[in-house]
Amino acid sequence: MKAPSQVGLLCGLLVSFSATSQVTHAEALKLKFENCRIALGPKVAKVHAGYCSISNLSPDPVALTEVTSAAYGRVELHLSEIKNGIASMRQLKKLVIGAGETIALKPEGLHLMLMQPKKVLKSDDMVSFEFMTAKDDVISVKLHATRKVGRSKGSHAGHANHKGSHSGHSQTTQ
Amino acid sequence: MSVISVPQMLTRVAAVATLFAVTLGVQPAALAEVKLRQYSKPKVLKSFKLQDGSGKPFGNAQLNGRWTLVLMGFTHCPAVCPFTLQNLAAVKQELSTRVSPAKLPRVVFIGVDPDRDLENIGEYVKHFDDDFIGVSGEWTEIKKVVETMDGFVRIVGKEKDPVAYDVRHGATVNLLDAEGRLVVGIYPPLEPKSAAIFIAETMLKHARKQATN
């Protein structure tokens, strides 16, 4: 894992979690993760999709460059598209979220491509992921596993906190 | 990179049919548009031989007797295929209020990535509906099916990355009549209620036409 280079930014990276849709903002909120889930799909599926709504509440763009999880051998940012009736998919090297922008990872669009699961996951498992930024910050987010593959109708928020060398600044709010 | 077909649409112009389902008691304003690939007359499919999830042969004969909805995809598809299969389950649910159980279309998912699909495609589709049928087979036979249904498949980057390669495929849902002939292709996005009304209406029109002939 990369060492955080900007402790100040880390202090501001957010973190929100709520099973009841309540989101408490950290002192200097920067990124907000909501509706984070893993669509497990069929039990025999060897590839899963991760979805989340990510809001950048900072005055500067934030680029997510890598996502990892101990639960999967490979995690990649992917974009699925359907053009002229043809479905295709490609990997994104980074995902830039503009200042004040919200980007939704959702079916038939941006998603986390979750490959080589290391254990059998079941509904309601909470799975940890680390999102890395271009500035080497690391944000830990938990995704809620579900068998459903469709669009989220709820507002179940993700569970995130930031990591790094600044122990004592990580937050988990409910 | 391997290309197995390019879409050969008889009527490639995507007709946009706004459904006026007054006869079915549905308010038109509530319906989404259904984009179609239409044919001037039902298209007879070329002969093909695949196998279902239990290893039994699946070919043209298995498409007879009932109407069929056919989707092509692959079991390592993380987003589009499972989402469409889930929508097809919803389409079937909607259709069940409009079509008698005996005439309810079967749903067939054709795995176009046989190296990975043959193993568990039967169990894969049962997640969405117990009656869904998953089939796959030899590459040459898949190619025949894709071509005869005016589909599209291209496997990209498999040599470079055997884990995360892309399988580009047509996301059109094909509607076949009870004689296994291709009647119409329904382009994505598949909105379940609109699609169900369209399918029910198409089946009804087809039955009326046959009755008058």
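Predicted model only: the values in this text are computed from it and were never measured.

A word on the side chain of asparagine 174 of chain B. All names here are of chain B. Assignment of secondary structure puts asparagine 174 in strand 11 (residues 173-176). For asparagine 174, a relative accessible area of 3% puts it in the buried group. Within the structure, asparagine 174 has its side chain in polar contact with the side chain of arginine 37 (distance 2.6 Å). With residues near it in sequence (within four places) discarded, asparagine 174 still touches Arg37, Thr68, Leu69, Val70, Met72, Met149, Leu182, Val184 and Gly185.

Once that is clear, we can look at the interface of chain B and chain A. Residue-level contacts link 28 residues of chain B with 30 residues of chain A. Summing both sides of the interface, chain B and chain A together bury roughly 2400 Å²; the carbon and sulfur share of this comes to 67%. Looking at the side of chain B facing chain A, the largest losses of area belong to Pro78, Phe83 and His127 of chain B, adding up to 25% of the total buried there. Here chain B is connected to chain A by two salt bridges. The shortest N-O distance in the salt bridge between glutamate 119 of chain B and lysine 46 of chain A comes to 3.0 Å. Applying the counting rule to chain B against chain A returns six residue pairs in polar contact (both at pLDDT 80 or more). Classifying every residue of the side of chain B that touches chain A by side-chain character gives 14 nonpolar, eight polar and six charged. Two elements, strand 5 (residues 86-91) of chain A and strand 10 (residues 166-170) of chain B, share two bridges in a ladder whose sense is antiparallel. Looking at strand 10 of chain B, one finds that isoleucine 86 of chain A is bridged to glycine 170 of chain B.

Residue and element names in this part refer to chain A. Looking at chain A as a whole, the pLDDT averages 77, with 69% of positions reaching at least 70. At the low end of the mean pLDDT range in chain A sits helix 1 (residues 7-12), at 35; at the high end sits strand 7 (residues 102-105), at 97. The low-confidence segment residues 1-29, where pLDDT is below 50, has 91 contacts with residues more than four positions distant or belonging to other chains. Counted against residues more than four places away or in other chains, residues 153-159, with its pLDDT under 50, gives 31 contacts.

What follows covers the layout of surface pockets. Residues and elements named next belong to chain B. Of the pockets and cavities examined, the largest pocket occupies roughly 480 Å³. For the lining of the largest pocket, the secondary-structure elements that each account for two or more residues are strand 3 (34-44), strand 12 (181-186) and helix 5 (192-212). Tallying contributions element by element places helix 5 first for the lining of the largest pocket, with seven residues.

What follows is about the nonpolar core. Residue and element names in this part refer to chain B. In terms of nonpolar packing, the biggest core is built from 66 residues, with Leu88, Ile110 and Ile199 touching the most fellow members. Among the elements that make up this core, the one with the highest residue count is helix 1 (residues 80-95) (seven residues). Each residue touching isoleucine 110, except ones within four places of it in the same chain, is listed here: Leu50, Val70, Leu71, Met72, Gly73, Ile121, Val135 and Val145.

The rules behind each value
Residues numbered from 1 in each chain as written. Chains lettered and ligands numbered in written order. Predicted model: local features only at pLDDT ≥ 70, side-chain atom pairs only at ≥ 80, totals over all residues. Heavy atoms only, no water. Helix = DSSP H or I, 4+ residues; strand = E, 2+ residues; numbered from the N terminus. Buried < 20%, exposed > 50% of the residue type's maximum accessible area, 1.4 Å probe, protein only. Polar contact = N/O pair within 3.5 Å; in protein donor to acceptor, adjacent residues only side chain to side chain. Contact = heavy atoms within 4.5 Å. Buried area = accessible area lost by both parts, 1.4 Å probe. Salt bridge = Lys/Arg side-chain N within 4 Å of Asp/Glu carboxyl O. Nonpolar A, V, L, I, M, F, W, Y, C, P; charged D, E, K, R; others polar. Pairing = 2+ DSSP bridges. pLDDT = per-residue confidence, 0-100. 1 Å grid on protein atoms, 1.4 Å probe; cavity = no way out; pocket = protein on both sides within 12 Å on 5 of 7 lines; lining within 4 Å. Points joined across faces, edges and corners; volume = space filled by probe spheres on them. Core = buried A, V, L, I, M, F, W, Y, C linked by side-chain atoms within 4.5 Å.

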